[in-house]
Amino acid sequence: MTSASPGTEPAGNPTIAQSGAAKRVLLAKPRGYCAGVDRAVVAVEKALELYGPPVYVRKEIVHNRHVVDTLRERGVIFVEETSEVPEGALVVFSAHGVSPAVHAEAADRNLRTIDATCPLVTKVHKEVNRFAKDDYDILLIGHEGHEEVEGTSGEAPEQVQLVDQAEDVGKVEVRDPSKVIWLSQTTLSVDETMERVDQLRERFPGLADPPSDDICYATTNRQVAVKAMAPECDLVLVVGSKNSSNSKRLVEVALKAGARTSHLIDFATEVDESWLEGVSTVGVTSGASVPDVLVMDLLTWLADRGYGQVDEVTTANEKIAFALPKELRKATKEQA
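Everything quoted here is computed from the prediction, not taken from an experiment.

1. Notes on the UniProt feature "binding site: isopentenyl diphosphate" (unreviewed entry) in the protein chain
Under the local residue numbering, the UniProt record ascribes the feature "binding site: isopentenyl diphosphate" (unreviewed entry) to His63, His96, His146, Ser244, Ser245, Asn246 and Ser289. Residue placement: His63 occurs in the loop between strand 3 (55-58) and helix 2 (65-73). Note on His63: relative accessible area 5%, which makes it buried. Tracing the backbone through its elements, the reader meets Ser244 in the loop between strand 10 (235-239) and helix 8 (245-256).

2. A short note on the sheet that holds strand 5 (residues 90-93)
Adjacent strands of a sheet form backbone hydrogen bonds with each other and so pair up, either parallel or antiparallel. Strand order in the open sheet made by the four strands is 4-3-5-6, with parallel pairing throughout. Of all strands in the sheet, those with a lone pairing partner are strand 4 (76-79) and strand 6 (112-115), marking the two edges. Each strand of the sheet is rotated relative to its neighbour by a mean of 30°, with strand direction disregarded. Relative to strand 4, strand 3 runs parallel, the two sharing four bridges. Its bridge partner lying in strand 4, Val57 is registered against Phe78. Those strands touched by helix 3 (residues 100-108) are strand 3, strand 5 and strand 6, and its axis lies near 175° from that of strand 5.

3. Considerations on the UniProt feature "active site" (unreviewed entry) in the protein chain
Sequence positions flagged by UniProt for "active site" (unreviewed entry) are, in local numbering, Glu148. Position of Glu148 relative to the elements: it lies in helix 5 (residues 147-153). Residue classification places Glu148 among the buried positions, given a relative accessible area of 2%. Those residues in contact with Glu148, other than ones at most four positions away along the chain, are His96, Val121, Ser184, Gln185, Thr186 and Thr187.

4. Brief notes about the pattern of salt bridges
Across all of its chains, the model carries 24 salt bridges by this definition. For Arg201, the salt bridge is made with Asp209, and the minimal N-O distance between the two is 2.8 Å. Since its relative accessible area comes to 45%, Asp209 is described here as partly exposed. Each of Arg58, Lys59, Glu80 and Glu81 takes part in salt bridges that share partners, so that together they form one network.

5. A closer look at the nonpolar core
Counting 33 residues, the largest nonpolar core has Ile61, Val62 and Val92 as its most contacted members. Looking at this core, the elements with two or more residues in it are helix 1 (35-51), strand 3, helix 2, strand 4, strand 5, helix 4 (119-133), helix 7 (217-229) and helix 10 (326-335). Those residues within four positions of Val62 in sequence are excluded, and the remaining contacts are Val37, Ala40, Val41, Val67, Val68, Ala95, His96 and Ser289. Judged by nonpolar contacts, the second largest core, of 20 residues, contains Leu237, Val239, Ile265 and Trp301.

6. Quick look at the environment of Pro119
When you line up the elements, Pro119 lands in helix 4. In sequence terms Pro119 and Glu273 are 154 residues apart; their C-alpha atoms lie 40 Å from each other.

7. Considering the packing of helix 1 against helix 10
It is at 11 Å that the axes of helix 1 and helix 10 come closest, and there the two elements cross at 35°. In terms of crossing hand, the pair formed by helix 1 and helix 10 is left-handed. Where helix 1 abuts helix 10, its residues Ala43, Lys46, Ala47, Leu50 and Tyr51 lie against Leu328, Ala331, Thr332 and Gln335. Considered class by class, the residues forming the contact of helix 1 with helix 10 number six nonpolar, two polar and one charged.

8. Structural notes on the packing of aromatic side chains
Per the counting criterion, the structure on display carries one aromatic pair. Note on Phe131 and Tyr136: the rings are 5.3 Å apart at their centroids and 80° apart in plane angle, and the pair reads as edge-to-face. As far as the burial class goes, Phe131 and Tyr136 line up, both buried. Note that Arg112 overlies the ring of Tyr51, its terminal NZ or CZ placed 5.7 Å from the centroid. Its guanidinium or amino end placed over the ring of Trp301, Arg305 lies 3.8 Å from that ring's centre, counting from NZ or CZ.

Rules and cut-offs
Residues numbered from 1 in each chain as written. Predicted model: local features only at pLDDT ≥ 70, side-chain atom pairs only at ≥ 80, totals over all residues. Heavy atoms only, no water. UniProt positions renumbered as here; feature names shortened; annotations may be inferred. Helix = DSSP H or I, 4+ residues; strand = E, 2+ residues; numbered from the N terminus. Buried < 20%, exposed > 50% of the residue type's maximum accessible area, 1.4 Å probe, protein only. Pairing = 2+ DSSP bridges. Axes fitted to C-alpha atoms, helices over the stretch in contact; angles between N-to-C directions. Contact = heavy atoms within 4.5 Å. Salt bridge = Lys/Arg side-chain N within 4 Å of Asp/Glu carboxyl O. Core = buried A, V, L, I, M, F, W, Y, C linked by side-chain atoms within 4.5 Å. Left-handed = near helix turned anticlockwise from the far one by under 90°. Nonpolar A, V, L, I, M, F, W, Y, C, P; charged D, E, K, R; others polar. Phe/Tyr/Trp six-rings, centres within 6.5 Å; stacked < 30°, edge-to-face > 60°. Lys NZ or Arg CZ within 6 Å of the ring centre and 35° of its normal.

Below you can see the structure in the form of structure tokens.
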């Protein structure tokens, strides 16, 4: 995995000043919304603006309770499967991507579609197609049942094998050990992914690497920021939802990097005040699908309990942005 991330300016080695205050907060930067999440959420908001409610979304547009509940209040209807969308209606595909079979089903039912798949997920889909065409066995490192994994595997289901846990490595069967490549879900822990790659390479020494990093820049950057501050923290609070893969990974990274304890919360009100007992330094970060208003709410909650000093720990400055889905760009241009 390369250390540089596209669309990112390195911030140099962060220095964490020693504080004389009894209580303080270290606030990770980067944190929160990534470009893919921002694009997906804005796509749904733009669809509401252009076409009015209801707008259907297959699965959650992004894995965040606050975002989903807010959009639901504005007239978005979230469904599990495309078959639940009325024939001829408008449906948005989530940032996690869908398989060709889902696109085909939507076409068969005459649905109008807006594809809000993150471009970095689309990149992995294209890699699957490329290596499947070259008759490789593709070992996809990811979490079973995650929407992104289902969409990526669906690009070439006969040639993709999912490797989730360490015990899955021994179950892999390939046709030609010289034509095997690993790809990954974009929201994994970098360290855990490379551990799985090393295990696979023990079995298949000729295992090929992806042409570029699959783990997205935002996932990597947020983990790097947490690693920088975790050794100084008695407690790390990660704002994010339980079904958010990248948010859960931040908790794991914080603990491995030296934080005494770490918890995943959706809202400040979920913090158990007993977690603060004996705690002088609290680390705060948020997953890539979390609006910063939720982090600000948490900082206010902590300030009310004596943690008023906030020091930002900056490891990178993100500059990347993605254009809206082509369907929305075209509709916006037609209405202009």
